[in-house]
Every structure is written in structure tokens, then in C-alpha cells.
Amino acid sequence: MVDEIQLWPHARGVFRNGSCHLTVNGDSREHLDALHDLAQSIGLKRAWFQPHKRHPHYALTPGKRAQAISAGAVEVDARTQAQERLARRRENG
């Protein structure tokens, strides 16, 4: 899943034109492997993965977002991403 591009007032470098998140709907090894495979297919380095416990993701530039969508990522808004994460946490206790 990719959410919409957000502009951050203090962003610099590659993220000065905005960024978004590439995530998966699930925290299992299989889900994370699929996330890493998609990320690699669009040229992201594994070192750029942010393994946050509640929100494991890659940060994407607008250009990488477009590539992720072309590679099969589903567009969702940030609110939907958050709701998906919350539902998973509730299911997993």
C-alpha cells in the first residue's frame, strides 16, 4: 500500500518535494518479504527500511511512489493505512 504524498515544512534533500509510505497489510514474515521484494524491484535499498514496530515502512519520493504503483502497490489514504494497522493490532491482541 502507498498513501498520499505529504509535504513537510522542514523536509530537505530528496524529500523536499514530499514523501509517502510504502507499507503492507500484515506483519508476518511473508508480508514483510513481499514489501521488501516490491521495494527492491523499484530500486530501494533494504537499509532504507524503517522497521517501526507499529508501522514498518519505506519512505518514498513522488517518483518512487509512481514506480511502486506501477509495480502493483495499492493506493490508499493515510487514514486507511492507520485503520488497517489498528485492526491488525486488535486482531493480534
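The coordinates are above.
Because the structure is predicted, anything quoted here is derived from the model rather than measured.

Q: Help me understand the nonpolar core in this model?
A: Burial of nonpolar side chains together is a common tendency in soluble globular proteins. By size, the foremost hydrophobic cluster in this structure holds 15 residues, and its most contacted members are Leu22, Leu35, Leu44, Tyr58, Leu60 and Ala68. Of all the secondary structure elements, the ones that give two or more residues to this core are β1 (20–22), α1 (29–41) and β2 (58–60). It is α1 that provides the largest number of residues to this core, a total of four residues. In this structure, leucine 22 is in contact with Met1, Val2, Leu35, Leu38, Ala39, Leu44, Pro56, His57, Tyr58, Leu60, Ala68 and Ala73, ignoring residues within four places of it in sequence.

Q: Would you take a moment to explain the packing of aromatic side chains for this structure?
A: Given two aromatic rings, their pairing is described by the distance between the two centres and the angle made by the two planes. Counted by the stated rule, this structure contains one aromatic pair. The interplanar angle of 50° and the centroid separation of 5.3 Å between the aromatic rings of phenylalanine 49 and tyrosine 58 together place this pair among those described as tilted. Judged by relative accessible area, tyrosine 58 falls into the buried class, the value being 1%.

Q: Please explain empty space enclosed by the protein as it appears in this structure.
A: It is a probe the size of a water molecule, rolled over the atoms, that shows where empty space is left. Enumeration over the complete set of coordinates arrives at one cavity of 30 Å³ or more. In this model, the largest cavity occupies a volume close to 30 Å³. Thr23, Val24, Gly26, Asp27, His55, Pro56, Arg85 and Arg88 are the residues that line the largest cavity. Classifying every residue of the lining of the largest cavity gives two nonpolar, three polar and three charged.

Q: Looking at this structure, how should I read the pattern of salt bridges?
A: Enumeration according to the criterion identifies two salt bridges in this entry. Its salt-bridge partner being aspartate 33, residue arginine 29 comes within 3.7 Å of it at the nearest N-O pair. Taken together, the positions of arginine 29 and aspartate 33, both in helix α1 and four residues apart, correspond to about one turn of that helix. Of the residues examined, arginine 29 reaches a relative accessible area of 56% and is grouped as exposed. Measuring nitrogen to oxygen at the nearest pair gives 3.1 Å for the salt bridge that ties glutamate 75 to arginine 65.

About the cut-offs
Residues numbered from 1 in each chain as written. Predicted model: local features only at pLDDT ≥ 70, side-chain atom pairs only at ≥ 80, totals over all residues. Heavy atoms only, no water. Core = buried A, V, L, I, M, F, W, Y, C linked by side-chain atoms within 4.5 Å. Buried < 20%, exposed > 50% of the residue type's maximum accessible area, 1.4 Å probe, protein only. Helix = DSSP H or I, 4+ residues; strand = E, 2+ residues; numbered from the N terminus. Contact = heavy atoms within 4.5 Å. Phe/Tyr/Trp six-rings, centres within 6.5 Å; stacked < 30°, edge-to-face > 60°. 1 Å grid on protein atoms, 1.4 Å probe; cavity = no way out; pocket = protein on both sides within 12 Å on 5 of 7 lines; lining within 4 Å. Points joined across faces, edges and corners; volume = space filled by probe spheres on them. Nonpolar A, V, L, I, M, F, W, Y, C, P; charged D, E, K, R; others polar. Salt bridge = Lys/Arg side-chain N within 4 Å of Asp/Glu carboxyl O.

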